[in-house]
Protein chains: 2
Amino acid sequence: MGTTQLETVPEPKYWHLKTVIGEALDSDFAVGEILPNERELAARFGVARATLRQALEQLELEGRLQRRRGVGTTVAPPRVGVDVSTTQHSWPGVGEDTWQSVDSADDTAPAAVARLLDIEPTARVHVVRRLRVTEGQPVAAELLYVPAGSVPGLVEADASGGPARARAVLRELRQLTLDGQDRSVELGSARADDARELDRLPGAPVLVVTTRYLSEGRTAAVSVATYRADTCRLTFGDSGDLAMAS
Amino acid sequence: MGTTQLETVPEPKYWHLKTVIGEALDSDFAVGEILPNERELAARFGVARATLRQALEQLELEGRLQRRRGVGTTVAPPRVGVDVSTTQHSWPGVGEDTWQSVDSADDTAPAAVARLLDIEPTARVHVVRRLRVTEGQPVAAELLYVPAGSVPGLVEADASGGPARARAVLRELRQLTLDGQDRSVELGSARADDARELDRLPGAPVLVVTTRYLSEGRTAAVSVATYRADTCRLTFGDSGDLAMAS
DNA sequence: TAGTGGTCTAGACCACCCT
DNA sequence: GGGTGGTCTAGACCACTAG
């Protein structure tokens, strides 16, 4: 009674913190600059460390911060745009140096991938592992699933399993005519092995790009590429050189 | 000494929990089924609630769970694929019922958008708000920024600001010839207003799709659409009907 | 009003990186 | 060894939903 209702909007503390720190990032910090450590920041803002961490996590999710254990928290550079437009791609590995072949193995495909390939979950496929590197930094790890039926010409002898084997699978795949591809993008979290190659912790947020390569009415191969969500912006340059023309 | 080193891999508890619960989800639960509450689950697994929550958060991020305050945690249905292929789009709002116009206002564009539009940050633009609904559920909220110069024919009188105004802006925009568009996808967190329209909490993870509409060598409009990352899989059907043919 | 998930605290210890 | 972020605990209270 008699008291004026003073903004009784219980905005969470971590949300407010995120805003405040975000603004400070714009005005007071340069890219690459290192922030005070979490314990000090928490004390400075008068909150528990867990609460501060919630704010930092959000900022990291948005690509504004970068945190490394044992090192500290730094201001992240703007996200790099990585081209995932389909016209650029054609078959995987055509004269591209953006992807590095890592190795290849024979294995079964995960259930979801087997469904896309329309094969039995127990059927064996070639699994090619590749890594995409941009400006010296790994940005994506890919698993390319190729059913044996798609590469009948592949000689089985060379079972070295190394990069040479991976390139051999890709070379055979290119013998097919590519009729088209579909692509989808969704949010995921990095599996342990992907995380290691991407220099992140397991569970880090990633953008999962799934591509079906179609040939002769069938799905000839499926690629599952996981991109670092913190540092990457996926671009689909559907106009591309058109913007340059005229 | 004398003790055999027993798998001293300090896999985080929450990571292990996530795996265990994820497997249980596959085998013991049906879509829509409600899980025991967090306090009980934590007790059952012998961990603190915060630790259990870390596991649930990951599963929610991957679209496997859905949590609602005051209600409970349920098993999420598979993500819905929403088509964001550019051929389908042409100008925004051409005979589509997937998008609902909400309203339109005159405002300045955020700095990042002003840069894409190549206009002054203080220049006024039409901001059209739209909502994308799929199967009765809101999946995306969009802000379409249209510089006044792109819609010279727009009559200023009708400043109602409601859906009618929004449709008028779109109608005028369609007078231009569309030369092409660029699109990019990145991870973000929902702003308060988007979160409300998407029926999520502020900060919820979203996929931000930014589109530049090009006309006569200029950027005629910019769309920033935020899709619910938990329930959506963005699809780029670059083959589409090709898969149907032959 | 009872029960749910969301926020917050004040500690502790661990894994990792640098010097 | 000293400092960083990452994990974990055992509590407490709040905001929301439903019966």
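Just so it is clear, the model here is predicted, and its values are computed rather than measured.

Trainee: Describe in detail the protein's contact with DNA strand C, supporting the description with residues and values.
Mentor: If you check the shell around DNA strand C, you find 27 residues, and the closest are K13, Y14 and T51 of chain A together with N37 and R49 of chain B. What you see for DNA strand C is that sugar and phosphate hold 67% of its atoms within 4 Å of the protein. Here a phosphate oxygen of DNA strand C sits 2.2 Å away from a polar atom, N or O, in the main chain of K13 of chain A. A distance of 2.8 Å is found between a phosphate oxygen of DNA strand C and a side-chain nitrogen or oxygen belonging to Y14 of chain A. The set of elements that each furnish at least two residues to the surface near DNA strand C consists of α1 (13-28) and α3 (49-61) of chain A together with α2 (38-45), α3 (49-61), β1 (65-68) and β2 (72-75) of chain B. In terms of residue count, α3 of chain A provides more of the surface near DNA strand C than any other element does, 4 residues in total.

Trainee: Pulling in residues and values, what's your account of the packing of aromatic side chains?
Mentor: Geometry of an aromatic ring pair is reported as the spacing of the ring centres plus the angle between the planes. All names here are of chain A. Following the criterion strictly, the structure yields 4 aromatic pairs over all chains and no others. Measuring from centroid to centroid gives 5.6 Å for W91 and Y213, while their planes differ by 25 degrees, and the two rings are stacked. Of the two residues, W91 is situated in the loop between α4 (86-89) and β4 (99-108) and Y213 in strand β8 (residues 205-215); the sequence distance between them amounts to 122 residues. On the accessibility criterion, W91 (5% relative accessible area) is buried.

Trainee: Tell me about the sheet that holds strand β9 (residues 218-228) of chain A, and name the residues and values.
Mentor: Pairing is mixed in the open sheet, where 8 strands are placed in the order β4(A)-β5(A)-β6(A)-β9(A)-β8(A)-β7(A)-β10(B)-β3(B). Both outer strands of the open sheet, β4 of chain A together with β3 (80-83) of chain B, are each paired with one neighbouring strand and no more. Mean inter-strand twist for the sheet, computed between neighbouring axes without regard to direction, equals 25 degrees. With 10 bridges joining them, β8 of chain A and β9 of chain A adopt antiparallel strand pairing. Each bridged residue has a counterpart across the sheet, and for S215 of chain A the counterpart in β9 of chain A is R218 of chain A.

Trainee: For the protein's contact with DNA strand D, give the residues involved together with the corresponding values.
Mentor: With respect to spatial proximity, 27 residues lie near DNA strand D, and among them N37 and R49 of chain A together with K13, Y14 and T51 of chain B are the closest. The separation between a phosphate oxygen of DNA strand D and a polar side-chain atom of R53 of chain A is 2.9 Å. Contact between DNA strand D and R69 of chain B: a sugar or linking oxygen at 3.3 Å from a side-chain N or O atom of the residue. When residues of the surface near DNA strand D are traced back to their parent elements, those giving at least two are α2 (38-45), α3, β1 (65-68) and β2 (72-75) of chain A together with α1 (13-28) and α3 of chain B. When residues in the surface near DNA strand D are grouped by element, the largest group, 4 residues, is from α3 of chain B.

Trainee: A description of the relation of the copies chain B and chain A should follow, citing residues and the corresponding values.
Mentor: Least-squares fitting of chain B to chain A yields an RMSD of 0.0 Å, with the superposition described by an axial translation of 0.0 Å and a rotation of 180 degrees. The transformation relating the two chain copies, once decomposed into turn and shift, fits a two-fold axis. Most of the interface of chain B is mirrored in chain A, where 100% of its interface residues again form contacts.

Trainee: Just give me the short version of the nonpolar core, but keep the residues and values in it.
Mentor: The biggest cluster of nonpolar side chains holds 32 residues, and the ones touching the most others in it are V185, Y227 and L234 of chain A together with V185, Y227 and L234 of chain B. In this structure L234 of chain A touches V82, V84, V185, L207, V209 and Y227 of chain A together with R183, S184 and V185 of chain B, once residues within four positions along its chain are discounted.

Trainee: Summarise the domain arrangement of chain A; cite the residues concerned and give the values.
Mentor: Residues and elements named next belong to chain A. Segmenting chain A into domains produces domain 1 (6-75) and domain 2 (100-244). When each unit is reduced to the centre of its C-alpha atoms, the spacing between domain 1 and domain 2 is 36 Å. Contacts between the two partners involve 6 residues from domain 1, matched on the other side by 5 residues from domain 2. Across the domain 1 to domain 2 interface the summed buried area is about 370 Å²; carbon plus sulfur atoms make up 47%. Counting the contacts that link domain 1 with domain 2 gives 1 salt bridge. Across the pair R200 and E60 runs a salt bridge whose closest N-O atoms are separated by 3.4 Å. Where domain 1 meets domain 2, there are 1 residue pair in polar contact (both at pLDDT 80 or more). Mapped by element, the contributors of at least two residues to the side of domain 1 that touches domain 2 are α3 and β1. When grouped by side-chain class, the residues that make up the side of domain 1 that touches domain 2 number 1 nonpolar, 2 polar and 3 charged.

Trainee: Pulling in residues and values, what's your account of unusual backbone geometry?
Mentor: Of note in the backbone geometry, D199 of chain A takes a positive phi value of approximately 65 degrees without being a glycine. Its relative accessible area of 57% is what places D199 of chain A among the exposed residues. A positive phi is found at E135 of chain B, a non-glycine position, where the angle reads about 55 degrees. Structurally, E135 of chain B is set in the loop between β5 (124-134) and β6 (137-147). Classification of E135 of chain B by relative accessible area gives exposed; the value is 68%.

Trainee: Give a detailed account of the pairing of strand β5 (residues 124-134) of chain A, specifying residues and quantitative values.
Mentor: All names here are of chain A. Counted residue by residue, β5 has 8 buried out of 11 residues, so it is predominantly covered. Two strands pair when backbone bridges link them, and β4 and β5 are joined in this way by 9 bridges, in the antiparallel orientation. Paired with D107 across the two strands is V125, which belongs to β5. Where β5 lies against strand β6 (residues 137-147), 10 bridges are found, and the strand directions are antiparallel. What sits directly across from T134, in β6, is Q137. The loop that links β5 with its antiparallel partner β6 comprises 2 residues; one of these, E135, has a positive phi angle of about 55 degrees.

Trainee: Explain the sheet that holds β5 of chain B residue by residue, including any values.
Mentor: Spatially, β3(A)-β10(A)-β7(B)-β8(B)-β9(B)-β6(B)-β5(B)-β4(B) is the arrangement adopted by the 8 strands of the open sheet, whose pairing is mixed. Looking at strand neighbours, the two that pair on one side only are β3 (80-83) of chain A together with β4 (99-108) of chain B, the edges of this open sheet. Neighbouring strand axes in the sheet, compared pairwise and without regard to direction, differ in orientation by 25 degrees on average. Sitting on the sheet, helix α6 (residues 163-173) of chain B touches β4, β5, β6 and β9 (218-228) of chain B, and the angle it makes with β4 of chain B is about 85 degrees.

Trainee: Could you give an account of the interface of chain B and chain A, with specific residues and numbers?
Mentor: Interface size is often expressed as the accessible area that is lost when the parts come together. Each partner contributes residues to the interface: chain B has 37 residues there, and chain A has 38 residues. Buried surface at the junction of chain B and chain A, both sides included, amounts to about 2,900 Å², of which 58% is carbon and sulfur. At the junction of chain B and chain A, the tally comes to 2 salt bridges. In this structure, E186 of chain B and R79 of chain A form a salt bridge, with 2.7 Å as the shortest nitrogen-oxygen distance. Joining chain B to chain A, the criterion identifies 12 residue pairs in polar contact (both at pLDDT 80 or more). Mapped onto the side of chain B that touches chain A, the elements with two or more residues apiece are α1, α3, β7 (180-189), β8 (205-215), β10 (232-236) and α8 (241-244) of chain B.

Basis of the calculations
- Residues numbered from 1 in each chain as written.
- Chains lettered and ligands numbered in written order.
- Predicted model: local features only at pLDDT ≥ 70, side-chain atom pairs only at ≥ 80, totals over all residues.
- Heavy atoms only, no water.
- Near = heavy atom within 4 Å.
- Polar contact = N/O pair within 3.5 Å; in protein donor to acceptor, adjacent residues only side chain to side chain.
- Helix = DSSP H or I, 4+ residues; strand = E, 2+ residues; numbered from the N terminus.
- Phe/Tyr/Trp six-rings, centres within 6.5 Å; stacked < 30°, edge-to-face > 60°.
- Buried < 20%, exposed > 50% of the residue type's maximum accessible area, 1.4 Å probe, protein only.
- Pairing = 2+ DSSP bridges.
- Axes fitted to C-alpha atoms, helices over the stretch in contact; angles between N-to-C directions.
- Least-squares fit on C-alpha atoms with pLDDT ≥ 70 in both.
- Contact = heavy atoms within 4.5 Å.
- Core = buried A, V, L, I, M, F, W, Y, C linked by side-chain atoms within 4.5 Å.
- Domains from an automatic or database assignment.
- Buried area = accessible area lost by both parts, 1.4 Å probe.
- Salt bridge = Lys/Arg side-chain N within 4 Å of Asp/Glu carboxyl O.
- Nonpolar A, V, L, I, M, F, W, Y, C, P; charged D, E, K, R; others polar.

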